[in-house]
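One-letter residues, chain by chain:
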Amino acid sequence: MKHFFRQLGPGLLFAGAAIGVSHLVQSTRAGADYGFGLIWALVLIHVIKYPFFQFGPRYAAATGQSLLDGYKRLGKAVLILYFCINLLTIFTIQTAVTIVTAGIATYIFDVNWDITIWSLIITAICAVILIIGRYNLLDRLMKFIVITLTISTLAAAFMAGSQTSEAVSLTQILPKDSVGIAFLIAFMGWMPAPLDISIWHSLWSLEKAKSGAITPKSAVFDFNIGFLGTIIVGTCFVALGTFIMFHSGSSFSSSGVAFAKQLIDMYTSSLGNWAFYLIGIAALTTMFSTTLTTLDASPRSMAKTLDLITDKKIKHSYFIWIVILILGTVGILFFLTNEMGTLVQIATILSFLTAPFFAISNVLVMNSSAVPKERRPSKLLNYFSWFAIVLLILFSLWYLSTLF
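Quantities reported herein were computed from a predicted structural model and do not represent experimental measurements.

*Asks:* I'm lost on the overall build of the protein in this one. Help?
*Replies:* Summing up its helical and strand segments, the protein has 15 helices and zero strands in all. In terms of overall size, the protein behaves like a compact globule, its C-alpha atoms giving a radius of gyration of 20 Å where 404 residues would be expected to give roughly 22 Å. Projecting the C-alpha coordinates of the protein onto the three principal axes gives extents of approximately 60 × 50 × 45 Å. Sequence separation of 24 or more characterises 85% of the internal contacts of the protein that already satisfy a separation of 6 or more. Accessible area for the protein stands at about 17,100 Å²; split by element, carbon and sulfur atoms hold 68% of it. In the protein, 25 side chains carry a positive charge and 16 a negative one; their mean positions are 14 Å apart.

Right, dumping it as structure tokens:
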């Protein structure tokens, strides 16, 4: 068992980063509006995105380099494009996940400080963890956090299921109205996460490798554990939405913070006061894990990208980017809170439209000469990857058609 847990690391960081708004908000809303009718969409999008996420740790284990090094071999223009995309989204994403985490903390701990104060406290806690403990502390802490959120979410789903008196239908649904189609696109687009997290995973794998605890086999095994966790937790949140909200006639708020409060209140009123802390812990650990891993991964990827673009190692660049990200987040919290809706929409659109870019780049890199032949994907996996890329392109075009 000790050896098993020692193998885990980057895969759980991947799960911690992926299990966030897409699970807590989108999956629960899917259950509330459609019951178990969109389980097909949850499973399908995981299958479609699987190879592109897997190529992150797989490339790192096979070459001893990150996907960003592989992107450089495709041309510096690829790195520059990635840098620009990241620069347009990292501050908004960090602010959004921090605010939702702060809203949950405000309600659970019943300390009515301003949401900005809570956001600053959470950001400070995450920064201290990363600056003092660095990757090793993050690795150990995320094992506890992801296991806690998984167990608490499973327990909440089981308890909610045992308390419901409604008949459960597993009939699958394909929304046909414009609102339903728009929700389906958003649900699948953010599930389990944007594809650029594959880059984060490759960087975390290299950090893990410094302790000599990673091989190509263990890297894929670790990833599969984390990836399976995102499916299980996503399904649990769909179940929670189904058991508590489906056919209730109620609807969730579009605000992430108000949604969290509403969600916890509904569990408490439906299941009893005991559910308050259970679902509260599930919600808080879900969002805190995302806030923490994002604050680590965005600076890590930006620092590495800039090193590769300039062809030189910039001293303390990781810590410099943490400071930049914190300052940008604080700036939005104080001066652009009213524009958060627009900023999140821009980040969402970019995440949708850039998915094929990351998918194609990952396939090309994984099949490059830098990867030993025996470590490259099989023909079957390559065929499936290109098929999945076509689906992602069609998915992006479908999304654009809903905007215009």
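Let's pick the thread back up.
*Asks:* Sorry if this is basic, but what is going on with the pattern of salt bridges here?
*Replies:* Two side chains with opposite charge may pair up if their charged atoms get near one another. According to the stated counting rule, one finds nine salt bridges in the structure shown. Lys-76 is the partner of Asp-311 in a salt bridge, and the nearest nitrogen-oxygen pair spans 2.6 Å. Taken together, the positions of Asp-311 in the loop between helix H12 (274-310) and helix H13 (317-335) and Lys-76 in helix H6 (residues 76-109) put the pair 235 residues apart, joining distant regions of the chain. Note that Lys-208 and Asp-139 form a salt bridge whose closest N and O atoms lie 3.6 Å from each other. With Lys-208 in helix H9 (residues 197-209) and Asp-139 in helix H7 (residues 115-163), this residue pair connects regions lying 69 residues apart in the sequence. Judged by its relative accessible area of 7%, Lys-208 falls in the buried class. Several salt bridges share partner residues, and in doing so they unite Glu-207, Lys-210, Asp-296 and Arg-300 into one network.

*Asks:* For this particular structure, what's the right way to read a nonpolar patch on the surface?
*Replies:* Side chains of Val-390, Ile-393, Leu-394 and Leu-397 sit close together on the surface and give an oily, nonpolar patch of about 350 Å² of accessible area. Note that Leu-397 resides in helix H15 (residues 379-403).

*Asks:* Help me understand the packing of aromatic side chains, please; the structure alone is not making it clear to me.
*Replies:* Two measures describe an aromatic ring pair: the distance that separates the ring centres and the angle between the ring planes. Inspection of every chain in the model, using the stated rule, returns 19 aromatic pairs. Ring plane angle 15° and centroid distance 6.0 Å describe the contact between Phe-109 and Trp-118, whose orientation is recorded as stacked. Residue class for Phe-109 comes out partly exposed when judged on its relative accessible area of 46%. Three or more aromatic residues link up through ring pairs in this structure, and these residues are Phe-14, Tyr-50, Phe-53, Phe-223 and Phe-227.

*Asks:* Explain the side chain of Thr-89 to me, please; I cannot follow it from the model alone.
*Replies:* Looking at the element boundaries, Thr-89 is found in helix H6. Judged by relative accessible area, which is 6%, Thr-89 ranks as buried. Within the local environment of Thr-89, its side chain forms a polar contact with the backbone oxygen of Ile-85, the two atoms lying 3.2 Å apart. Setting aside residues no more than four positions away along its own chain, Thr-89 makes contact with Ala-347 and Leu-350.

*Asks:* Can you walk me through the side chain of Ser-198 in this structure?
*Replies:* For Ser-198, the location among the structural elements is in helix H9. A distance of 2.8 Å separates a polar atom in the side chain of Ser-198 from the backbone oxygen of Leu-195. A polar contact of 3.0 Å, which involves the side chain of Ser-198, links it to the side chain of Asn-362. With near-sequence residues (within four places) excluded, Ser-198 lies in contact with Phe-52, Phe-53, Gly-56, Leu-67 and Asn-362.

*Asks:* Help me out: how do you make sense of the packing of helix H2 (residues 10-18) against H12 in this one?
*Replies:* Relative orientation and spacing of two packed helices are given, respectively, by the angle between their axes and the distance between those axes. Close contact between H2 and H12 brings their axes to 7 Å; oriented N to C, the two are set at 110°. When the axes of H2 and H12 are compared, the pair comes out roughly perpendicular. Relative to H12, H2 is oriented so that their crossing is left-handed. Contacts between H2 and H12 involve Leu-13, Gly-16 and Ala-17 on the former and, on the latter, Thr-286, Ser-289, Thr-290 and Thr-293. Considered class by class, the residues forming the contact of H2 with H12 number two nonpolar, five polar and no charged.

*Asks:* Explain the nonpolar core to me, please; I cannot follow it from the model alone.
*Replies:* Soluble, globular proteins show a tendency: their nonpolar side chains are buried together. Tyr-71, Ile-104, Phe-187 and Leu-292 are the most contacted members of the largest nonpolar core, which totals 117 residues. Sorting elements by how many residues they give to this core places H7 first, with 15 residues. Excluding its chain neighbours within four sequence positions, the residues that come into contact with Tyr-71 are Val-78, Leu-79, Ile-199, Phe-358, Ser-361, Asn-362 and Val-365.

*Asks:* Sorry if this is basic, but what is going on with the environment of Arg-375 here?
*Replies:* The topology assignment puts Arg-375 in the loop between helix H14 (340-366) and H15. Taking the C-alpha atoms as reference points, Arg-375 and Ala-61, 314 residues apart in sequence, are found 9.3 Å from one another. In this structure, Arg-375 is in contact with Arg-58, Ala-62, Pro-216 and Met-366, ignoring residues within four places of it in sequence.

What counts as what
Residues numbered from 1 in each chain as written. Predicted model: local features only at pLDDT ≥ 70, side-chain atom pairs only at ≥ 80, totals over all residues. Heavy atoms only, no water. Helix = DSSP H or I, 4+ residues; strand = E, 2+ residues; numbered from the N terminus. Rg over C-alpha atoms; globule rule 2.2 N^0.38 Å. Contact = heavy atoms within 4.5 Å. Areas by Shrake-Rupley, 256 points an atom, 1.4 Å probe, with all protein chains shown as cover. Lys, Arg positive; Asp, Glu negative; His and termini not counted. Charge placed at Lys NZ, Arg CZ, Asp CG, Glu CD. Salt bridge = Lys/Arg side-chain N within 4 Å of Asp/Glu carboxyl O. Buried < 20%, exposed > 50% of the residue type's maximum accessible area, 1.4 Å probe, protein only. Patch = residues over 30% accessible without salt bridge, like charges linked within 9 Å, V, L, I, M, F, W, Y side chains within 5 Å. Phe/Tyr/Trp six-rings, centres within 6.5 Å; stacked < 30°, edge-to-face > 60°. Polar contact = N/O pair within 3.5 Å; in protein donor to acceptor, adjacent residues only side chain to side chain. Axes fitted to C-alpha atoms, helices over the stretch in contact; angles between N-to-C directions. Parallel < 35°, antiparallel > 145°, perpendicular 65-115°, else oblique. Left-handed = near helix turned anticlockwise from the far one by under 90°. Nonpolar A, V, L, I, M, F, W, Y, C, P; charged D, E, K, R; others polar. Core = buried A, V, L, I, M, F, W, Y, C linked by side-chain atoms within 4.5 Å.

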